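One letter stands for each residue in the lines below.
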Amino acid sequence: HVYSEGGAITRFLKTKDLIGYAPSYDYLHVCWMDSGPNCMTCGKCRRTLVTLDALGALDKYARSFDIDYYRKHRRDYLKWLYRQVTFPGGDKMVGEAYDILRSDIDLRIKIGSWIRWLAGRLRAGLRMMVKMVTN
């Protein structure tokens, strides 16, 4: 028999419970990549890092993640977080972390995210137009 467990609570609450379990500090591996270290860039690593940040538990996971790298690139993670909750198709499992970190997301992050999104749409439209003209 297979039993599914934990469907009644959010990913955020699962992580909040996990930070009370000391063995997870050294062995937490959430990465979509192979069995190596957490890559810090895939969706699961990013989601976990911003959640740990929101919960004030980053330092506990210094052996599972490169926390110095995260801190140096925190603005990039906050940009990613903002895009996830604002743009279509984002990772909606980060909503609770966003609610806590929202005050750290300044206007420059928001405007930059919108410009990046619009530029991507323009590039896609131009590629489609070029393809139509060349066919």
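Residues numbered from 1 in each chain as written. Predicted model: local features only at pLDDT ≥ 70, side-chain atom pairs only at ≥ 80, totals over all residues. Heavy atoms only, no water.

A.B. asks: Which residues make up the overall build of the chain, and what are the values?
C.D. replies: The helix and strand tally for the chain stands at seven helices and zero strands. Compactness check: the chain gives a C-alpha radius of gyration of 18 Å against a globular reference of 14 Å for 135 residues, more than 25% above the reference. Along the three orthogonal principal directions, the C-alpha set of the chain runs to about 60 × 45 × 30 Å. For the chain, buried positions account for 34% of its 135 residues. By sequence separation, contacts in the chain at least 24 residues apart represent 54% of the contacts at least 6 residues apart. Of the roughly 9,100 Å² of accessible surface on the chain, 57% is carried by carbon and sulfur atoms. Separation of charge centres in the chain, based on 23 positive and 14 negative side chains, amounts to 9 Å. (Helix = DSSP H or I, 4+ residues; strand = E, 2+ residues; numbered from the N terminus. Rg over C-alpha atoms; globule rule 2.2 N^0.38 Å. Buried < 20%, exposed > 50% of the residue type's maximum accessible area, 1.4 Å probe, protein only. Contact = heavy atoms within 4.5 Å. Areas by Shrake-Rupley, 256 points an atom, 1.4 Å probe, with all protein chains shown as cover. Lys, Arg positive; Asp, Glu negative; His and termini not counted. Charge placed at Lys NZ, Arg CZ, Asp CG, Glu CD.)

A.B. asks: Could you give an account of the confidence of the model for the chain, naming the residues involved and the relevant values?
C.D. replies: Within the chain, residue pLDDT values average 91, and 100% of them lie at 70 or more. Ranking the elements of the chain by mean pLDDT puts helix 7 (residues 107–134) last, at 89, and helix 4 (residues 67–72) first, at 97. (pLDDT = per-residue confidence, 0-100.)

A.B. asks: Please set out helix 3 (residues 43–54) residue by residue, giving values where relevant.
C.D. replies: The end-to-end C-alpha distance of helix 3 is 16 Å, a good match for the 16 Å that twelve residues give at a rise of 1.5 Å each. Burial runs high along helix 3: eleven of the twelve residues are buried. Among the residues making up helix 3, those that are buried are G43, C45, R46, R47, T48, L49, V50, T51, L52, D53 and A54. For helix 3, the secondary structure elements touched by its buried residues are helix 1 (11–18), helix 4, helix 5 (74–86) and helix 6 (95–101). Positioned one or two residues after helix 3, G56 has a phi angle of 70°, which is positive. (Expected span 1.5 Å × (residues − 1).)

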